[in-house]
Structures are given as C-alpha cells and as structure tokens.
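Inside the fold
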Amino acid sequence: MSEISTSERVYNFSAGPSTLPLPVLEKAAKEMTNYRGSGMSVMEMSHRSKEFARIIELAEQDLRDLMKIPDSYKVLFLQGGAYLQFSMVPINLFRNSKKADYIITGSWAKKAAQEAAKLGQVNIVASSEPDTFTYIPEWKKEDFTADADYFYITYNNTIYGTRYTSLPDVGDVPLVADLSSMILSEELDITKFGLVFAGAQKNIGPAGLTIVIIREDLIGHAPSDTPSMLNYKTHADAGSLFNTPPCYSIYMAGLTFQWIKEQGGVAAMQKKNEEKAALLYNAIDESSLFRCPVAKKDRSLMNVVFVTGDKALDKKFIAEAKEHGLVNLGGHRSVGGMRASIYNAMPYEGVEALVDFMKKFEKQNG
Ligand SMILES: *Cc1c(COP(=O)(O)O)cnc(C)c1O
C-alpha cells in the first residue's frame, strides 16, 4: 500500500456521508502519518497543541471568509449531528414565550418540530406533508406567532429534493435554518438568520462535526440547569474547545474550505452547482421514461429526486448504474425511486456520466 490509487474511484451520489473533493482526500492522505513536520497525524495530536490551534483557527477564518460571517456571530464546531441541534435550538432559544414557528417541508423539519414540542409550544405555520413534500408550502404572515422565540426552516430538503428560494419575512423573530445539505453550495446572507447549523457529512467533510453559526445575542439564555454540553454558551466561551472536539473532522473541513476558496468561493460553487443541476433536470424533463415529482420552482440544487413510475424499473436502473460506476442512486428508504446527490464535490463530469447512462438506459427500456 505504498501508492494512492484513485483509478477505481466511482461517482458517488450518496446523500451523506457523501463524496469529498479528490484533492482534499489526497492532501489528507499525504499528511496522514506526518502532519507538516509534526511527526504525527492530526488524529494523534492534542487538541490543545499549537498545531491544532492553528488548524481550528484557520478553519473558522476560512468559513467566515467563504460565508461572509460578521463578527457579531459565533462559529461553533460541535458534535452530535444535525439531530442534536433539533434539541439544542429549543433548549437555548426558548427564552421568553417558549413558542416557536415551524414550516414542515420534510422528515427533518418534522423531527425538529417533534423535539422542540417536548420543550415548548410549536406552531406549524405551513406543511407540504399532504402532498408528500413535493414543494415548499406557501406561508401566510397572519399564521406567524408574533411573540415566537424563533422561526424554523429546513433550507434544503435532502430526502424530497426541495429548497427555499426565498425566505419568510419574520421581522425581529430570529430565523433558524438547518443548512445540512446545502451549506456552502450557494450564496446566503447570514445576517438574515439568528442561527444556522449543518452536519458536516453532506457538503463539508467526514461525519462527527456539526457547525453552528449563531448571533451573539442569542447565546446565554439557556436555563441554568441546562447540561453544559447542551449550552451554546459553554462552547462559545471555550472557542469550541470545552472538551475534545472532533479534531480530524475539523481538519478535513478546513481542507474543504481551502479547496472551495481555490475554486473561487461560494459564488463560483453556486454557478457550478446550477450548471450541474440544470444538466440533470433538463435530461429528466426531456425524458419520456424519467420524471421529477418536485415542483419546478422549488427544485433542490443538491439532491435531485426522480422516478420511472415503475418500482422494478427503478431498481434495475439503480443496479445497472452501479455497474457503470455510478453508485448510491437509490432514493431515501422512506420514498424509494432515485436520488442523485450532487454536492459541491461532485464534478460536472459525474453528472454528465449519469445523464449519458440515463439516455442509454431509456433507449433500452423506454
Ligand atoms: C442529514 C440531515 C440531518 C441529520 O443529520 P445527522 O448529522 O445525521 O444528525 C438533518 N437535517 C438535514 C437537512 C439533513 O440532510
């Protein structure tokens, strides 16, 4: 095992954990046994060491640069996945009325609302559940709770393939968004949000790291009996080094941030993502075999959902695609069909290869 072999890498359309940029993996491989002359791997390094301090500081700075995060926001590197944020958000943000508004656009939004309902009063402003989440529902301002402690959305719906293209006008109520499957994929005005979070394993790096970006005035309101680990203040005060953070995942995230900078930043990523998504959606819309169940205006740039309408044929497609090096195209176990996750790290060529295969498959099976 003296050489790094990349010849048998596939195009991996997994929704998460998902494909990472090859240059990031190669750099990590090079630095695996001896990180920049330290004589050890990042995995073996004290989280209090000078080397690691540099890694986490640079990762934070690069993320701040990429997302244009103002100084009035804290960036936290946490664990527990996006799922833990479904609880940490209400624990920390239910600070006055203990009421919150939620828009239900899929399973993740629903689960987040269920967790919050254990701690306060959840008002469902809108839901597309009756139509199996095939669009982002319209919201009416008169359904918003005036004294809500926060307003919650799932920005990109990984399972159903929808995304917001405009945000609810929530006034002074802090807007909270789960960015797990779209962070760094398109430009976002962070000042429109009170808090955003994302698990790293979709668009950033390995699992184990969850990024929280929170406006400073929202920190420090958790009840005094809140366990330390569940209080944003603990992590904000300690610079995400209250206890051992997910060091290696933070290092990998840092490499991805640098790679995005080299690509030209988030605006450049967005342009590429729009091109990739257009290529795939056009192929689906022009096809007489495949169709996309998602409303055109709400289609995700990251998770492209499509079906043939015949479950056996879907299965055949997924199996044959795999033989062509196009893997993990099965839809979420709750919805079936196909889903191609085309995150930042998926090259345009990967989407081209998929579209070529779809055309071939249609000729043989259409
Ligand atoms: C994957 C995902 C989650 C769950 O993430 P975990 O890190 O597994 O807890 C939550 N929300 C969205 C939008 C996701 O895509």
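Not measured: the values here are computed from a predicted model.

**Concerning the pairing of strand E5 (residues 150-154)**
Of all the 5 residues making up E5, 5 are buried; the element is thus mostly covered by neighbouring parts of the structure. In this sheet, E5 lies alongside strand E3 (residues 99-104) in parallel orientation, the contact comprising 3 bridges. By the bridge assignment, Tyr-102 is partnered in E5 with Tyr-152. In terms of strand pairing, E5 meets strand E8 (residues 175-178) through 4 bridges, oriented parallel. When the bridges of E8 are listed, Phe-151 appears paired with Leu-175.

**Focus on helix H9 (residues 348-365)**
For H9, which comprises 18 residues, the first-to-last C-alpha distance of 26 Å matches the rise-based estimate of 26 Å (1.5 Å per residue) to within 8%. Of all the positions in H9, only Gly-350, Val-351, Leu-354, Val-355, Phe-357, Met-358, Phe-361, Glu-362 and Asn-365 are classed as buried. Down the axis of H9, the buried side of the element spans an arc of 165 degrees, and every buried residue falls inside it. With respect to the buried face of H9, the exposed residues turned more than 90 degrees away are Asp-356, Lys-359, Lys-363 and Gln-364. Along its buried surface, H9 packs onto strand E1 (11-12), helix H7 (265-286), strand E11 (303-306), helix H8 (311-323), strand E12 (326-327) and strand E13 (338-341).

**Overview of the pattern of salt bridges**
Applying the stated criterion across every chain, the model contains 19 salt bridges. Across the pair Glu-129 and Lys-110 runs a salt bridge, and its minimum N-O distance is 2.6 Å. With a gap of 19 residues between them, Glu-129 in the loop between strand E4 (121-127) and E5 and Lys-110 in helix H4 (residues 107-117) connect regions that are remote in the sequence. Given a relative accessible area of 30%, Lys-110 falls into the partly exposed group. Within the structure, one salt-bridge network assembled from shared partners comprises Asp-62, Asp-65 and Lys-261.

**Details of the domain arrangement of the protein**
Considered domain by domain, the protein is made up of domain 1 (26-262) and domain 2 (265-365). Placing a centre on the C-alpha atoms of domain 1 and another on those of domain 2 gives a separation of 27 Å. Across the boundary between the two partners, domain 1 contributes 25 residues, which contact 25 residues of domain 2. Across the contact surface, domain 1 and domain 2 share 13 residue pairs in polar contact (both at pLDDT 80 or more). Top element by residues in the side of domain 1 that touches domain 2 is helix H6 (residues 247-263). It accounts for 3 residues. Looking at the side of domain 1 that touches domain 2, its residues break down into 10 nonpolar, 10 polar and 5 charged.

Parameters and conventions
Starting afresh in each chain, residues are numbered from 1 along the sequence in its written order. Thresholds applied to this predicted model are a pLDDT of at least 70 for local features of residues and 80 or more for the giving and counting of side-chain atom pairs; totals over whole chains, interfaces and linings are not thresholded and use all residues. Remark: hydrogens and water are excluded; side-chain values derive from all non-hydrogen atoms of the structure. A simple rule labels every residue: compare its accessible area, found with a 1.4 Å probe on the protein chains alone, to the largest value its type can have, and call it buried under 20%, exposed over 50%, or partly exposed in between. Secondary structure elements are defined from DSSP: runs of H or I of at least 4 residues count as helices, runs of E of at least 2 residues count as strands, and each element is numbered from the N terminus. Strand pairing is assigned whenever DSSP identifies at least 2 bridges connecting the two strands. Expected span of a helix: the number of residues minus one, times 1.5 Å. The reported arc concerns the directions from the helix axis to the C-beta atoms and nothing else. A contact between two residues is defined here by any heavy atoms of the two lying within 4.5 Å. Only one rule defines a salt bridge in this text: a Lys or Arg side-chain nitrogen within 4 Å of an Asp or Glu carboxyl oxygen. Note that the domain bounds were set by an automatic or database domain assignment. For the purposes of these results, a polar contact is taken to be a pair of N or O atoms within 3.5 Å, where, inside protein, one atom must be able to donate a hydrogen and its partner to accept one; residues adjacent in sequence count only when each atom of the pair is a side-chain atom. Polar here means any residue outside two lists: the nonpolar Ala, Val, Leu, Ile, Met, Phe, Trp, Tyr, Cys and Pro, and the charged Asp, Glu, Lys and Arg; Gly therefore counts as polar.

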